[in-house]
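Next come the chains, spelled out residue by residue.
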Amino acid sequence: MIGTEIRKIKSWLIENLIPWQFLLLVLFGAYQNQLSATTSQGLRIGTASIDITPPLPAAVDGQMRLRVATIAETALLANVVVLELKDDFGKLDVSVLISCDLVTIPYELRDKIRESVAFSIPELDTRKIIINATHTHTGGVIRDGWYAIPDTVTQAVDYQNLVSRQVTRAVAVAWKKRDFGSISWGMGHAKVAYIRRAVYKDGSAKMYGKTNQDDFRKMEGYEDQSIFSLFFWDQAGKLIATCINVSSPAQIVESRSTIHADYWDPVRQGLQKKFGSDLVVLGWIGAAGDQTPRPMYDQFAELRMVELRQNNSSPEFESGSESVNFRSDSYLDEVGDRIVNAVMQTYDTVSKDQYREVVFDHAVEEIDLPMRLVTEEEYHNSKKLRDEDLNDNYRAIEFSRRIAFYDEVVKRFENQQKIQQPMYPVEIHALRIGDVVICTNPFEMFTDFGIQIKARSRALQTFIIQLVGPGTYLATKEALAGGHYSAIVESNRVGPEGGQILVDHTISMISALWPK
Amino acid sequence: MAFYFKLTSSIFLLAFLLFPVLASNDPSFDETLKVGWALADITPDRPVLIAGQFHARLSEGVLDPVSATVLAMESGVGNQTKKVVWISCDLVGISDGTRGGANIRDRIREQVIRLEPSLSPGQIIINATHTHAAPLVSSVDKIEEVYGVSLEKIASGGDAMPPAEYIDFAADRIAKATKEAWNSRKKGGVSFGLAHAVVSMNRLQALHTGKSVMYGNTNNPDFSHIEGHEDHSLNLMYFWDENRKLTGLIINVAAPSQVSEHSYQLSGDFWHDTKEELKKRYGMDIHILGQASAAGDLSPHVMIGGKAEERMQRLLGFEEDGTGRGSLGQRKQIALRISDAVTSIYPVMKDNINWNPEFAHRVAELQLSRRLLSIEDVTEAKKEAEEWQKRYQDMLDDLEKNPEKIKEARWYRDITISHSRLRRGLVVKERYELEKTEPKLPIEVHVLRIGEAVFATNPFELYLDYGMQMKARSPATQTFIVQLTGSGSYLPTKRSIAGGAYGAVPASTLIGPEGGRELVDQTLSLIESLW
């Protein structure tokens, strides 16, 4: 019935309108379509930053071994940007971007934050809250049940509650502060990502494997040295926030038993020196499951330059020795400088290209990915290793994380006896802002998948944020063939086939944000 | 002419053996360093054939000069000094007699020694920056044999300089500049450092099918990943006079200079823009010696994020120069990146000058296993050659019927592609036969230690993995790999051969992974002998 009426109207228009009127109508329609998610009122921006340092002593998350920190070398932060757009019909679209100095974002933490924010700001659609971890390995333990934490030390659930409370406060502040402003984006480069999987003559691969040996053949994958930045200015032209996308996890000082925000601390300090202490800096880690911020070869040359630049001294070391240490404050400063320089160069270039009105469209979907299947051999191996740890009084406590690591495989295999192909639900966001898009995944995603998304995306720049969720490595087919940690069944919930489905689906979501 | 080059090659090879330049590693030896620089303009004043593509290109003017930078170094005092002259040329390769009869390397050496008899051939190292907009020096054969039509016809009856004449012209100018550099050497200091700049990208795309392509479209559901690695390190060596004033720089970057690779105008490519930018920063009299590190699978063409890079070029103010792939804007962006990297470590380099660096040089002839070709390789290449033969013949017939065609601009493009592809197919059979009698290919390799840094050369377009293996295992603090100190040809990896992209197919290669391993191991042995 309605279709018939529309056809009648179309016929009348075609018969009665003179060509130029018709053209105007067509153009108007196209304009409406183009601006379907934008407004003449412009984007409103709110920012906030809040301390999420755990009370000390605190267990430290990220390694197999339990570590307890009694010192916080730096504060851990949650940084927030709220983006709001009201369309011409009064419809509100809000996205909340939250970056946390944590190793991952467990789903229970995400849900706690969303519930808490929903209570605080009822008009927000909390599904459009994106929370990512910078993957610092010197943050508080946020994953409940992963470590045997002594009673005298901050417990994971308590820390989740603290983070949830603090983040909710920050979102409320940012929400209250939101005001019209402008935005721009750009790309620079800095050497921060180093592929960490070395491949040897026999085809095997090893994470952090030695490269100065005869059977070393190549690094397994690619590196992405691009540094993408988003900049937000207030109406007075002051830079109030920046989101920096680096395809390398923040784990330079990963083995310390202290609290530390890793390289994001010198990055924030460096940028705040230039733009003021109230600048909010969101650290976004790109697809970097196979990356590290530490060099895998040329270590002596890199270390010498770090020492020359940071301390104006040339280190004494014997060539070929094992004395190269990049887990230092000097190297943190070095990487911080590299990122700050790249961001500053980008800022200087794109600050003349700011936008007050942009297309703004946020899609969020949940899809099921096929889980990597556990073979019988893998099951028996994991079971054996788990039981060996469990039967040793010292290891049962000290390596409880490792026990959980193997136990998960055992349980998965047992579950496979009931469900042939278990599925793994993941939440994916695709947020278009002007010519760029931000897309997320919950994994430690190997760079090759991220490169596929970037290459096939319709956006001018595609920001990829990994660890918008609990993690686990998403490794490639090549990595599985090479084996070793990060590409073995204990490290992966989802295999390469699931990775490809994730890539293809993300690209579909991105494409849907642009007119056909 | 071919006989002449073979004769000179033999003389110089003999000279290597009789005049070894093994350096003393005795720490008590006085390592006082003397440094001299000069620049040779090797831009021809007549049209020449430009090298780097399947099709012929007759130069249609000069976008910017092509040049050779000469660095003369002498270490020690008295009669026991160690001498090395390093020459970097804006050329696609340094013909050395390996492929065809041309040998600009030995011609330069011969001319240099004629002017400066105290130097020996093995002390002269010559590398190409791999610009694809410089005169052809890879052949002294008749152009009709190379491209299937005569130079006269390509030039539409006009004047053009044949490659053999250009080789003499360039060698003469380079030799004079070398003499100038040698005569101007003065006491100097040196410092070396590592910085980073994104100049090149891996140009091979692996598809989900397992095959690879060079310069494929990454915006494609078939695209799986980038086949290999990238190297964004910039190995830098700064040279200073006694007043601590910068006299010149060696810039070693894992990138061939082929942004303007389709140009019909002569050009030094991004090295020209880099030199201009650095002169602005450090004075008009500084010298820049460009070297390409292992980069057979790399190029400056952006494979992912091209539009974002182009926007950045526009915002940097390069719109008038053009932006995007192959543009002057991209060259200027690269020049800025390299220059910024140079500038970023300049202060610490100035504070850490070594006035008496350890200086040691070895040159060796390595025997590398040729890539073993199968009869299937020959059959496939032959089939391809036959297809191109037919196309070439059709075009040749058409030309005979329409001789006025040569008056059309760039009329020769398609016919010269056909002939090049035809020859490329035939060469596989030649190599297949050659392997039976000469399973090894001799190549010249230099290792030069200056302080705790080392330079290691090879004549190939060396795939990055090999360079990385050498860097990872080298005892030097910094290892400057210098490719294309000879006539080129790709040296691909096992994974690249499996992928089968251009650069890894039999027609593109003299050496395969087996020879690559030998090159790595033997180069490392040479390097280790300097420590």
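Residues numbered from 1 in each chain as written. Chains lettered and ligands numbered in written order. Predicted model: local features only at pLDDT ≥ 70, side-chain atom pairs only at ≥ 80, totals over all residues. Heavy atoms only, no water.

(A) Seen up close, the overall build of chain A. Helix and strand content of chain A: 13 helices and 22 strands. At 25 Å, chain A has a C-alpha radius of gyration in line with the 24 Å of a compact globule built from 516 residues. Dimensions along the principal axes, computed over C-alpha positions, put chain A at roughly 85 × 60 × 50 Å. Buried residues in chain A amount to 61% of all 516 residues. Sequence separation of 24 or more characterises 78% of the internal contacts of chain A that already satisfy a separation of 6 or more. Only carbon and sulfur atoms are counted for the fraction: they give 52% of the accessible area of chain A, which is about 20,400 Å². Computed over 56 positive and 67 negative side-chain charges, the inter-centroid distance for chain A is 2 Å. (Helix = DSSP H or I, 4+ residues; strand = E, 2+ residues; numbered from the N terminus. Rg over C-alpha atoms; globule rule 2.2 N^0.38 Å. Buried < 20%, exposed > 50% of the residue type's maximum accessible area, 1.4 Å probe, protein only. Contact = heavy atoms within 4.5 Å. Areas by Shrake-Rupley, 256 points an atom, 1.4 Å probe, with all protein chains shown as cover. Lys, Arg positive; Asp, Glu negative; His and termini not counted. Charge placed at Lys NZ, Arg CZ, Asp CG, Glu CD.)

(B) Representation of the pattern of salt bridges within the structure. Summed over all chains, the structure comprises 69 salt bridges over all chains. Note that D159 of chain B is salt-bridged to R46 of chain B, the shortest N-O span being 3.0 Å. Taken together, the residues D159 of chain B in the loop between α4 (151–154) and α5 (163–183) and R46 of chain B in the loop between β1 (33–41) and β2 (67–75) connect sequence positions 113 residues apart. Residue classification places R46 of chain B among the partly exposed residues on the basis of a relative accessible area of 23%. Connected via shared salt-bridge partners are R110, D111, R114 and E427 of chain A. (Salt bridge = Lys/Arg side-chain N within 4 Å of Asp/Glu carboxyl O.)

(C) Inspection of the interface of chain A and chain B at higher detail. Residue-level contacts link 51 residues of chain A with 50 residues of chain B. Where chain A abuts chain B, roughly 4,400 Å² becomes buried across the two surfaces, and 57% of that area is made up of carbon and sulfur atoms. Between chain A and chain B we count 2 salt bridges in total. Linking chain A to chain B there are 17 residue pairs in polar contact (both at pLDDT 80 or more). (Buried area = accessible area lost by both parts, 1.4 Å probe. Polar contact = N/O pair within 3.5 Å; in protein donor to acceptor, adjacent residues only side chain to side chain.)

(D) The arrangement of the domain arrangement of chain A in detail. Residue and element names in this part refer to chain A. Here the domain parsing of chain A yields domain 1 (44–367 + 424–512) and domain 2 (374–420). A straight line from the C-alpha centre of domain 1 to that of domain 2 covers 29 Å. Of the residues lining the interface, 14 residues belong to domain 1; the matching set on domain 2 comes to 15 residues. Taking both sides of the interface into account, the surface hidden between domain 1 and domain 2 amounts to around 1,300 Å²; carbon and sulfur atoms contribute 61%. When the buried surface of domain 1 facing domain 2 is broken down by residue, M64, V489 and E490 rank first, second and third, together holding 49% of it. Scanning the region where domain 1 abuts domain 2 turns up 1 salt bridge. In terms of residue class, the side of domain 1 that touches domain 2 is made up of 7 nonpolar, 3 polar and 4 charged. (Domains from an automatic or database assignment. Nonpolar A, V, L, I, M, F, W, Y, C, P; charged D, E, K, R; others polar.)

(E) Focus on the sheet that holds strand β14 (residues 239–246) of chain A. Residue and element names in this part refer to chain A. The strand order across the open sheet formed by 8 strands is β6-β5-β4-β1-β8-β13-β14-β15, and the pairing between neighbours is mixed. Across the chains shown, the open sheet's two edge strands, defined by having one partner strand only, are β6 (129–133) and β15 (280–285). On average, adjacent strands in this sheet sit at an angle of 25 degrees to one another, irrespective of strand direction. For strand β8 (residues 179–189) and strand β13 (residues 226–234), the ladder comprises 9 bridges, and the chain directions are antiparallel. Its bridge partner being in β13, W185 is matched across the sheet by L230. (Pairing = 2+ DSSP bridges. Axes fitted to C-alpha atoms, helices over the stretch in contact; angles between N-to-C directions.)

(F) The nonpolar core, seen in detail. Residues and elements named next belong to chain A. With 66 residues, the main nonpolar core has L230, F232, I244, Y263, L271 and I433 as its most contacted residues. When residues in this core are grouped by element, the largest group, 10 residues, is from helix α7 (residues 329–350). Setting aside its immediate chain neighbours within four residues, L271 contacts T242, I244, G276, L279, V281, V340, V343 and M344. (Core = buried A, V, L, I, M, F, W, Y, C linked by side-chain atoms within 4.5 Å.)

(G) The arrangement of the domain arrangement of chain B in detail. All names here are of chain B. Split into domains, chain B comes out as domain 1 (2–370 + 440–528) and domain 2 (375–437). Between the C-alpha centres of domain 1 and domain 2 the distance comes to 29 Å. With 25 residues of domain 1 in contact, the opposing surface of domain 2 contributes 23 residues. A buried area of about 2,100 Å², summed over both sides, lies between domain 1 and domain 2, and 57% of it is on carbon and sulfur atoms. The largest share of the area that domain 1 buries against domain 2 comes from F54, R370 and A507, three residues that together contribute 26% of it. Applying the counting criterion to the domain 1 and domain 2 interface returns 1 salt bridge. Mapped by element, the contributors of at least two residues to the side of domain 1 that touches domain 2 are α3 (143–147) and α4. Considering each element in turn, the side of domain 1 that touches domain 2 owes the most residues, 4 residues, to α3. Taken together, the residues of the side of domain 1 that touches domain 2 break down into 13 nonpolar, 5 polar and 7 charged.

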